There are 2 protein chains.
Amino acid sequence: MTNPDKVNSISPPPLAAVAAGDAEGQTPAQGVGESDVMRRWKREDFLKKTSFALRSLCLVFSLLAFIIMATNNHGNGREFDDYEEYRYVLAIAILSTLYTGFQTFRQFHEISTGRDIIPGRNIMMLDFFGDQIVAYLLLSAASSAVPLTNHMREGADNIFTDSAASSISMEFLAFTTSAISAMISGYKLSKQSYI
Amino acid sequence: MTNPDKVNSISPPPLAAVAAGDAEGQTPAQGVGESDVMRRWKREDFLKKTSFALRSLCLVFSLLAFIIMATNNHGNGREFDDYEEYRYVLAIAILSTLYTGFQTFRQFHEISTGRDIIPGRNIMMLDFFGDQIVAYLLLSAASSAVPLTNHMREGADNIFTDSAASSISMEFLAFTTSAISAMISGYKLSKQSYI
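Residues numbered from 1 in each chain as written. Chains lettered and ligands numbered in written order. Predicted model: local features only at pLDDT ≥ 70, side-chain atom pairs only at ≥ 80, totals over all residues. Heavy atoms only, no water.

A. Broad picture of the interface of chain A and chain B. The interface of chain A with chain B comprises 25 residues on the first partner and 25 residues on the second. Of the roughly 2,200 Å² buried between chain A and chain B on both sides combined, carbon and sulfur atoms contribute 59%. Applying the counting criterion to the chain A and chain B interface returns 0 salt bridges. Of all elements in the fold, only helix H4 (84-113), helix H5 (122-155) and helix H6 (159-192) of chain A reach the threshold of two or more residues within the side of chain A that touches chain B. Among the elements that take part in the side of chain A that touches chain B, H5(A) stands out by supplying 12 residues, more than any other. (Contact = heavy atoms within 4.5 Å. Buried area = accessible area lost by both parts, 1.4 Å probe. Salt bridge = Lys/Arg side-chain N within 4 Å of Asp/Glu carboxyl O. Helix = DSSP H or I, 4+ residues; strand = E, 2+ residues; numbered from the N terminus.)

Structure, rendered in structure tokens:
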């Protein structure tokens, strides 16, 4: 169990000091205790960047799913609004876009300024549960729309079914990124947990 | 970061010693260091029991989903085998039953004998990924079969659609228990992780 106060008091050294240490080729920072801390910073930095990349990807995929499904209106019964499965896909794509949009903005702000918009530790809980719930919703929506699209494509393959299929595919991709993101958030949460 | 070797060398004290300590009302085990260890044992014990209960529930729900769907044959086009959604539900119910059956047996064996069937630490990885993947599959299968059942029930409500609906409900319940179980496994895994 790590002491959270101790964790917070550790902050990266000024860049100038690190650069000077590198130039000398030998610094006290290469000792055993310090190298542990360095490794930890590197790991946390790597996790932060991976998490940001995954959320950005999820945002792109959700936005694509949303746009493709929302513009899938071709008249004569070929409108997404006539099928509850496609309405579900659209609703979850919008929700996922909003959530990942907010998270991407928050992480971008944190990376560029070093400060979090929402202070406190509870944000980690929100991160994990948010990612996990969005992943479940995306999978559920995409899965529910697959059989309908399959049935329609057995009869005829047209721009309506193709657009639906691509929107569903985007939602599956968004699910994949969100699921991996949830795993990373869960890992981060457990390392900060008090339990 | 905990030292795994140190963790393994800690084992619960013999029951007799604990009982004797309780009778005296004052034991060295009530010191600060020891009480940390005690709290940890209690937490691990609680997690183990919760995980076992969740997996047993998941096994029951999966088995019910499997049996209800497999016996859902009433002739005249009212056979589950005619619909790919229901075949998917059945396939995932079987898979989930096998997986949770194995895990429940393993945990029961561990609780009763104190030894794990499969030694080593990698089993924690299997626990987490197994639970998580089974949860995703159950949700996907249940979600895919909901729209078809809804459409059929708009026309007629009979024993075939009712059985399908109950099988799907069981699969949703199995998903819920599996998802919570995955969270617990993920927590356990992260506390043992070397990263």
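What follows picks up the thread again.
B. Region of interest: the relation of the copies chain A and chain B. Here chain A sits on chain B after a turn of 180° about the axis and a move of 0.0 Å along it, with an RMSD of 0.0 Å. The two molecules are tied by a two-fold rotation axis, judged by turn and shift. The rotation axis passes nearest to the C-alpha of A:Ser144 in chain A, at a distance of 2.0 Å. Mapped onto chain B, 100% of the interface residues of chain A again fall at the interface, so both copies present the same surface. (Least-squares fit on C-alpha atoms with pLDDT ≥ 70 in both.)

C. Molecular detail of the UniProt feature "transmembrane region" (unreviewed entry) in chain A. Residue and element names in this part refer to chain A. According to UniProt, the "transmembrane region" (unreviewed entry) feature falls on residues 52-71, 86-105, 126-148 and 168-187. A helix fraction of 95% and a strand fraction of 0% characterise residues 52-71, whose end C-alpha atoms lie 28 Å from each other. Taken as a whole, residues 126-148 contains 100% helix and 0% strand, while its terminal C-alpha atoms sit 34 Å from one another. (UniProt positions renumbered as here; feature names shortened; annotations may be inferred.)

D. Up close: the nonpolar core. Residues A:Tyr86 and B:Tyr86 are the most contacted members of the largest nonpolar core, which totals 56 residues. Elements supplying a minimum of two residues to this core: helix H3 (32-70), H4, H5 and H6 of chain A together with helix H3 (32-70), helix H4 (84-113), helix H5 (122-155) and helix H6 (159-192) of chain B. Leave out the neighbours within four places in its chain, and A:Tyr86 touches A:Met69, A:Phe80, A:Ala145, A:Leu148, A:Thr149, A:Met152, A:Phe160, A:Ala164 and A:Ile168. (Core = buried A, V, L, I, M, F, W, Y, C linked by side-chain atoms within 4.5 Å. Buried < 20%, exposed > 50% of the residue type's maximum accessible area, 1.4 Å probe, protein only.)

E. Quick peek at H6(B). Here H6(B) is 34 residues long and its end C-alpha atoms lie 49 Å apart, about the 50 Å a rise of 1.5 Å per residue gives. Where H6(B) begins, the side chain of B:Asn158 points an oxygen toward the backbone nitrogen of B:Phe160, at a separation of 3.1 Å. (Expected span 1.5 Å × (residues − 1). Polar contact = N/O pair within 3.5 Å; in protein donor to acceptor, adjacent residues only side chain to side chain.)

F. Up close: the environment of A:Thr176. Among the secondary structure elements, A:Thr176 is positioned in helix H6. As for A:Thr176 and A:Ala135, which are separated by 41 residues in sequence, their C-alpha atoms are 7.5 Å apart.

G. Quick peek at the packing of aromatic side chains. The full count for this structure, using the stated rule, is 13 aromatic pairs over all chains. Pairing B:Phe128 with B:Phe129 gives two aromatic rings, centres 5.1 Å apart and planes at 65°, and the pair type is edge-to-face. Relative accessible area serves as the criterion here: at 10%, B:Phe128 is assigned to the buried category. Given a relative accessible area of 33%, B:Phe129 falls into the partly exposed group. In textbook terms, an aromatic cluster arises when at least three aromatic residues are bridged by ring pairs, as seen for A:Tyr136, A:Phe175, B:Tyr136 and B:Phe175. (Phe/Tyr/Trp six-rings, centres within 6.5 Å; stacked < 30°, edge-to-face > 60°.)

H. Examining H5(A) more closely. If you check H5(A), its first and last C-alpha atoms are 51 Å apart, about what 34 residues at 1.5 Å a residue would give, namely 50 Å. At A:Val146, H5(A) shows its largest bend, some 25°, and a proline, A:Pro147, comes one to four positions later. (Bend = angle between axes of the 7 residues up to and from the residue.)

I. Spotlight on the environment of B:Ser190. Among the structural elements, B:Ser190 can be located in helix H6. With sequence-adjacent residues up to four places away left out, B:Ser190 is seen in contact with A:Tyr187, A:Ser190 and A:Lys191. Within the local environment of B:Ser190, its side chain forms a polar contact with the side chain of A:Ser190, the two groups lying 2.8 Å apart.

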